[in-house]
Each structure stands twice: as C-alpha cells, then as structure tokens.
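For reference, the chains in residue letters:
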Amino acid sequence: KNGGTIGNIYSMGLALQALEISSRFYAPRVWNCAQAFAVVHRYDYRQPMPVTQVLPALLGKSYLDAGSMPCPPNAGMCPLIPGPRLDTARNASTITVHYRIINSLQGQHFNHNITVKVPAGSKLLKVLKVAEKMKPDIFSFKTKDYSWGPMVVSIHGLAADSKDRTYWQFLSGEDALKEGGQHGEAGGTGGSCYPDLTHTCPFAAGVGTYKPHDMEHIVANFTTY
C-alpha cells in the first residue's frame, strides 16, 4: 500500500533487519523484500542513525549477527580516507530565504516574516539561527536533540506540548519538506514531525537535514496532530 515503505523511511532499516532474522524462524521462508529495498536504494539517507540501521539490512545481516562476527584483537584500524575537496566558489555564494512563523492556534496569535541570506547549501537550521540573530525578540527558538537530529520545540516563546498535541510544522510554501531539499511529495505533517508522529511523515526532513533553495518560502506553523 505504501509503495514498499514499512512504517516510514527511518524505520525501514530495522524493519528489513527484522524480516531477515525472522525468515530463520518462521517456516523458514524467504521474504520478498525487493520493493522495500528499492525504496531504501532510492533514498538519500543523511542522518547517522538510520544509516547504521540500513547498512546491516543491505548486507543481509541484523544487529543480532554482530556478536558472531570475527573481530581479531590485533586488527588494524582502517586508514583515513581523504574527504572531497570543497568547491570554494560554490560555497562562497549565498541564497535568499523567506522565513515566516505563524500561530493562529493558542494565546496571542502572531504572523511574522523575515528575509535572510545564508551560504548556498546551508541547512534550514542555519536559516533559523540567522533569523534569530537578526531579530531575537521575534525569531528566538529552541531545539531538542534526538538520535535522528534536532527538532524545533519552541519558537517565539511558544513551545510544543504533547498534552495539547501541538508542535511546530515546517513547510515549503504549502508543501511538506523532503530530505535533500525537495518538497511537495511527502504529504503528512511536514518537515519537523513531532516524535509521536513519525509514522505520518514517511519522507519528511527536519531542520538539521533540509537544504532550502534560493528564494524559497519556509513556513513554521504552530498546529496540532
């Protein structure tokens, strides 16, 4: 029903590991995971946690195999691999991003916007930091770190609350953000999903991974789930 996605894109690694290990105990049988693996191969994982979960599955292994893998005590360390050379000309360029925060849900409503310039290739989190530096009394924000990256939990002094089922939803115009700086196809609740809502955001990106493009309109909307 979900085109091969099991849960959401971030749960795919553990799901495929579970299918791999369960095939040894049920029947036994071989699960047809071609469609699910196709989803993983097409996706550009950027956060360390989902990468570490997907890699074993791609090798036909699971975390349960880690204890049986040979690791000689005298094994040498892997040599360092030089990183890619930076394109200084490209990184020196800047982009313009229009950023708006909206609360029409609780307390005193507000709708503020600002235009900021950030280096090309910057993450959305950089946009928020620049906006806060320019107008700290309006665009102040707080984040909370999760294993999947930072999540915005408060903007302009208005905090998300699980009891009220409120959170800050990030959009590009009216579309949900997607990993890698794409938008418009994810659906669900947008780029900064509340932790309890990850199942409704199959391909959503967060402020720590999304890369805005030039002249993009980013909206942070205080809403409910």
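Bear in mind that the values here come from a model prediction, so they are computed numbers and not experimental data.

Conventions and cut-offs
Per-chain numbering applies: the sequence of each chain, read as written, is numbered from 1 onward. Totals for whole chains, interfaces and linings use all residues, but because this is a predicted model, local features are given only for residues with pLDDT of at least 70 and pairs of side-chain atoms are given and counted only at 80 or more. By convention in this description, side-chain values take in all heavy atoms of the structure and omit both hydrogens and water. Inter-axis angles, ranging from 0 to 180 degrees, are taken between N-to-C directions of lines fitted to C-alpha atoms, where helices are fitted over the stretch in contact. Under the scheme used here, helices are H or I runs from DSSP no shorter than 4 residues and strands are E runs no shorter than 2 residues, and both carry numbers assigned from the N terminus. An angle counts as roughly parallel when it lies under 35 degrees, as roughly antiparallel when it exceeds 145, as roughly perpendicular when it falls between 65 and 115, and as oblique in every other case. Should the near helix be turned counterclockwise from the far one by less than a right angle, the crossing is left-handed, whereas a clockwise turn marks it as right-handed. Should any heavy atoms of two residues lie within 4.5 Å, those residues are counted as being in contact. As a working rule, the residues Ala, Val, Leu, Ile, Met, Phe, Trp, Tyr, Cys and Pro are called nonpolar, Asp, Glu, Lys and Arg charged, and the rest polar, with Gly in that last group. The classification of residues rests on relative accessible area computed with a 1.4 Å probe and restricted to protein chains. Under 20% of the type maximum is buried, over 50% is exposed, and intermediate values are partly exposed. When DSSP finds at least two bridges between two strands, those strands are taken to pair. Only Phe, Tyr and Trp rings take part, Trp by its six-membered ring, and two of them pair if their centres are within 6.5 Å. Stacked means planes under 30 degrees apart, edge-to-face means over 60, and tilted covers everything else. Nonpolar cores are built from buried Ala, Val, Leu, Ile, Met, Phe, Trp, Tyr and Cys residues. Side-chain atoms within 4.5 Å join them into one set.

Asks: How do you make sense of the packing of helix α2 (residues 34-42) against helix α3 (residues 48-58) when you look at a structure like this?
Replies: Geometrically, a packed helix pair is captured by the angle between its two axes and the distance between the axes. The interhelical angle for the contact between α2 and α3, taken along N-to-C directions, is 135 degrees, at an axis separation of 12 Å. With respect to α3, the element α2 is oriented oblique. By crossing handedness, the relation of α2 to α3 is classed as left-handed. Contact residues: Phe37, Val40 and His41 in α2; Val54, Ala57 and Leu58 in α3. The class makeup of the residues in the contact of α2 with α3 is five nonpolar, one polar and no charged.

Asks: What exactly am I supposed to notice about the environment of Leu105 here?
Replies: Position of Leu105 among the secondary structure elements: in the loop between β1 (94-103) and β2 (110-119). Taking relative accessible area as the criterion, Leu105 reaches 38% and is therefore assigned partly exposed. For Leu105, the contacting residues outside a window of four places in its chain are Thr166, Phe222, Thr223 and Thr224.

Asks: It is not clear to me how the sheet that holds strand β3 (residues 141-146) should be interpreted in this structure. Could you clarify?
Replies: Either a parallel or an antiparallel arrangement is found when strands of a sheet pair, and the pairing is made through backbone hydrogen bonds. With antiparallel pairing, three strands are arranged side by side in an open sheet as β3-β4-β5. Only two strands of the sheet have a single partner each, and these edge strands are β3 and β5 (158-159). In this sheet, β5 lies alongside strand β4 (residues 149-155) in antiparallel orientation, the contact comprising two bridges. Bridge pairing links Ser154 to Ala159 in β5. Together, β3 and β4 form the strand contacts of helix α5 (residues 124-134), whose direction differs from that of β3 by roughly 150 degrees.

Asks: Just checking my understanding: could you explain the packing of aromatic side chains for this structure?
Replies: What describes a pair of aromatic rings is the distance from one ring centre to the other and the angle between the planes of the rings. Inspection of the entire model under this criterion finds four aromatic pairs. Between Tyr99 and Phe139 the ring centres are 5.6 Å apart and the planes differ by 40 degrees, which places this aromatic pair in the tilted class. Placement of Tyr99 in strand β1 and of Phe139 in helix α6 (residues 136-139) is noted, with a sequence separation of 40 residues between them. Here Tyr99 matches Phe139 in class, with each residue buried. Chaining the aromatic ring pairs together yields one cluster made of Phe110, Trp168 and Phe222.

Asks: I would appreciate a short explanation of the nonpolar core in the present structure.
Replies: Ranked by internal contacts, the top residues of the largest apolar core, which has 29 residues, are Tyr99, Leu124, Ile155 and Phe170. When contributions to this core are tallied by element, the ones reaching two or more residues are β1, β2, α5, α6, β4, β6 (166-172) and β9 (216-224). Per-element tally for this core: the top contributor is α5, with six residues. The contact partners of Tyr99, leaving out residues within four places of it in the chain, are His112, Asn113, Ile114, Val127, Leu128, Ala131, Phe139, Ile155, Phe170, Ile218 and Ala220.

Asks: Looking at this structure, I do not really get the environment of Asn113. What am I missing?
Replies: Counting through the fold element by element, Asn113 comes out in strand β2. Along the sequence, Asn113 and Phe139 sit 26 residues apart, while their C-alpha atoms lie 9.0 Å from each other. Setting aside chain neighbours within four positions, we find Asn113 in contact with Tyr99, Arg100 and Phe139.

Asks: Mind showing me how you'd approach the packing of helix α1 (residues 12-22) against α3 here?
Replies: Where α1 meets α3, the axes come as close as 7 Å, and the angle between the chain directions of the two elements is 30 degrees. Comparing their axes, α3 and α1 come out roughly parallel. By crossing handedness, the relation of α1 to α3 is classed as left-handed. Here α1 contributes Gly13, Leu14, Leu16 and Gln17 to the contact with α3, which in turn contributes Gln53, Val54, Pro56 and Ala57. When the residues that make up the contact of α1 with α3 are grouped by side-chain class, the tally is five nonpolar, three polar and no charged.

Asks: Hey, could you run me through α1 in this one?
Replies: Since the α-helix packs 3.6 residues into each turn, any two residues three or four apart lie on the same face. Buried within α1 are the following residues: Met12, Gly13, Ala15, Leu16, Gln17, Ile21 and Ser22. Looking at the buried side of α1, the elements it contacts are α2 and α3.

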